[in-house]
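Per-entry structural report
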Amino acid sequence: MKKFFKGFVYSFQGLAYAFRTQLNFRVHCVATVLVVLLGLYFKLSSNEWLWITTAIAVVVILELVNTAIEVLVDLVSPEQNPKAGAIKDVASAAVLIGGLMALIIGLIIFVPKLV
C-alpha cells in the first residue's frame, strides 16, 4: 500500500515539474481557472460542465505528455537531430489540436451566453 501512495507523490512531482518549467502548462492552468470561474458565473448545466471538464482534461493531459516527450527526446538526443525535432513538433501539434478543440467547445458553450 505504501508503494501505491508513493505513486501519487511522483505524480504530484510531475505536475510541479511541468508547472515550474513549462510556460504553456502555466498558461493552460490560468486558462483553466478563468474558464471555471466563467462557468460558475454563468451557472453551466451538468452537460456543459462535462464538456468543459473533458476539454480541460484533454489539453492538460496532452500538455503533460508533450512535456514528457520533450524531456525524453532531450535526454536521448541532446544534439540537434531532424528526427528529434520532428518528434517534438508532432507532440506539440497534438497539444495544438487539443487546444483548438477546447476552444471550439468553449465558444459553443459560452458565446450564446454572452450574446
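Above this text is the structure in question.
In this text, all values refer to a predicted model and were calculated from it rather than measured experimentally. (Residues numbered from 1 in each chain as written. Predicted model: local features only at pLDDT ≥ 70, side-chain atom pairs only at ≥ 80, totals over all residues. Heavy atoms only, no water.)

1. Side note on the packing of helix H2 (residues 23-41) against helix H3 (residues 46-76)
Here H2 crosses H3 at 175°, and the two axes come no closer than 10 Å. Taken together, the axes of H2 and H3 lie roughly antiparallel to each other. In this structure, H2 uses Asn24, Phe25, His28, Thr32, Val35, Val36, Gly39 and Leu40 to contact H3, whose residues at the interface are Trp49, Ile52, Ile56, Val59, Val60, Glu63 and Leu64. Among the residues making up the contact of H2 with H3, the classes are represented as 10 nonpolar, four polar and one charged. (Axes fitted to C-alpha atoms, helices over the stretch in contact; angles between N-to-C directions. Helix = DSSP H or I, 4+ residues; strand = E, 2+ residues; numbered from the N terminus. Parallel < 35°, antiparallel > 145°, perpendicular 65-115°, else oblique. Contact = heavy atoms within 4.5 Å. Nonpolar A, V, L, I, M, F, W, Y, C, P; charged D, E, K, R; others polar.)

2. What about the nonpolar core?
Grouped together as the largest cluster of nonpolar side chains are six residues: Leu44, Ile52, Ala55, Ile105, Ile109 and Phe110. Elements that contribute at least two residues to this core include exactly H3 and helix H4 (82-114). When residues in this core are grouped by element, the largest group, three residues, is from H4. For phenylalanine 110, the residues in contact, after removing those within four places along its chain, are Val35, Leu38, Gly39, Phe42, Leu44 and Ile52. (Core = buried A, V, L, I, M, F, W, Y, C linked by side-chain atoms within 4.5 Å. Buried < 20%, exposed > 50% of the residue type's maximum accessible area, 1.4 Å probe, protein only.)

3. A word on H2
Helix length check: H2 (19 residues) gives 27 Å between terminal C-alpha atoms against 27 Å at 1.5 Å per residue, within 8%. Every buried residue of H2 is listed here: Phe25, His28 and Gly39. Projection of H2 onto a plane perpendicular to its axis shows the buried side chains occupying an angular sector of 55°, all on one side. Pointing more than 90 degrees away from the buried face of H2 are the exposed residues Leu23, Val30, Leu34 and Tyr41. As for H2, its buried residues are in contact with helix H1 (2-21), H3 and H4. Directly after H2, the chain includes lysine 43, whose backbone phi takes a positive value near 50°. (Expected span 1.5 Å × (residues − 1). Arc of directions from axis to C-beta.)

Remember, this is a structural readout, not a statement about activity or role.
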